[in-house]
Amino acid sequence: MSNLLKSKSDPKLKKQASSSHEQQAKINEVRELLGDLPTEMPGFLTDSTIRRFLRTRNWSTVQATKALKETVKWRRQYRPDKIRWEDIAETEQLLKKMYIADYLDKNGRTVFVAMPSIKSLVPAKEQVKLLVYNLESCTMSSENAQENVVWVVDFSGWTVSSTPLAESRQSVHIIQNYYPGLIDVAILCNPPKMFESFWKILNYFIEPEVKEKVKFVYTNDSECQRIMADMFDLDKLESAFGGCNTSGIDIVKYSERMQRRDQTRNLHIP
């Protein structure tokens, strides 16, 4: 494995610890700085959301407030809270390009699976919409959690044309700026040699705090196998990631599950 593909932890990136009392005081301060926005978007501007933004801004109330205001502006325009399962292109659903797994990792985190090598039959705009829909759905279980999503990406069969750079940059921008702290770790499985050049370019657009969470895993490597076994129940984990599950997802049952999630999502934003 080349040095390029080794995830390193920079001690300078570690966030300061804070007691629950201090955290709540910071959250309350941000609420005051936001003015009337918490009333406008109560389903989004929860304590959990504000806490995530504070964590990724090193507990700076000024920076967290600025980032939240920018996110509110984006949400007014994009309305991610209003995207339903029925709104996602049917062909994209059937391709199973992105989905939320029906199991958690051993730490109780939501598992979000992506298969970028699967050829898309819809425009980039619809693919980004699918990503946003899944991220929005993942926030459902983030209340009282710091970061609760493990993103597992299968790069088997990946080529440069599988993930256009412009689309990748837009996806990174959305994840970093509008859903900061939601992804606890991103596991890139079996990236081919050609991905190194793509990764070097994409690195310019990835924040250090996010970059630290990226882990490269090769299922034929014994150490990587141990890491995956420590994180996941291998009987549930897909075989593409070194697990024993070869059945894949039932799109009919998955559709029903996502429709149930939609019903419980907070969709009361005017």
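Residues numbered from 1 in each chain as written. Predicted model: local features only at pLDDT ≥ 70, side-chain atom pairs only at ≥ 80, totals over all residues. Heavy atoms only, no water.

Per an unreviewed UniProt entry, the protein chain goes by CRAL-TRIO domain-containing protein and derives from Sorghum bicolor.

Moving on: the environment of Trp-151. On the secondary structure map, Trp-151 appears in strand E3 (residues 149–154). Since its relative accessible area comes to 16%, Trp-151 is described here as buried. Sequence spacing of Trp-151 and Ile-100 is 51 residues, and the spatial spacing of their C-alpha atoms is 9.3 Å. Beyond its immediate sequence surroundings of up to four residues, Trp-151 is in contact with Phe-112, Ala-114, Leu-131, Ile-175, Ile-183, Val-185, Ala-186 and Ile-187. (Helix = DSSP H or I, 4+ residues; strand = E, 2+ residues; numbered from the N terminus. Buried < 20%, exposed > 50% of the residue type's maximum accessible area, 1.4 Å probe, protein only. Contact = heavy atoms within 4.5 Å.)

All right, on to the pattern of salt bridges then. Under the counting rule described, the total for this entry stands at ten salt bridges. Residue Arg-75 pairs with Glu-136 through a salt bridge whose shortest N-O separation is 2.6 Å. Within this pair, whereas Arg-75 is found in helix H4 (residues 61–78), its partner Glu-136 is found in helix H6 (residues 124–138), the two being separated by 61 residues in sequence. Under the relative-accessibility criterion, Glu-136 is labelled buried at 8%. Linked by salt bridges that have partners in common, Asp-105, Arg-109 and Asp-184 make up one network. (Salt bridge = Lys/Arg side-chain N within 4 Å of Asp/Glu carboxyl O.)

A few words on the confidence of the model for the protein chain. Across the protein chain, pLDDT averages 86, with 89% of residues at or above 70. Here helix H5 (residues 90–95) stands out as the element of the protein chain with the lowest mean pLDDT, 73, in contrast to H4, whose mean of 97 is the highest. Note that pLDDT drops below 50 for residues 1–14; the model gives that stretch 22 contacts with residues more than four away or on any other chain. Contacts of residues 142–146 to residues separated by more than four positions or lying in other chains number 13 contacts, the stretch itself having pLDDT below 50. (pLDDT = per-residue confidence, 0-100.)

Moving on, we come to the state of the cysteines. Evaluated as defined, the whole model comprises zero disulfides. Distance from the sulfur of Cys-189, which forms no disulfide, to the nearest cysteine sulfur (Cys-224) is 8.3 Å. Overall, the relative accessible area of 0% leaves Cys-189 in the buried class. (Disulfide = S-S within 2.5 Å.)

Before going further, it helps to examine the nonpolar core. Nonpolar side chains in soluble globular proteins tend to end up buried together. In terms of nonpolar packing, the biggest core is built from 59 residues, with Trp-151, Ile-187 and Phe-232 touching the most fellow members. Residues Leu-34, Leu-45, Leu-54 and Val-72 belong to the second largest nonpolar core, which totals 15 residues. (Core = buried A, V, L, I, M, F, W, Y, C linked by side-chain atoms within 4.5 Å.)

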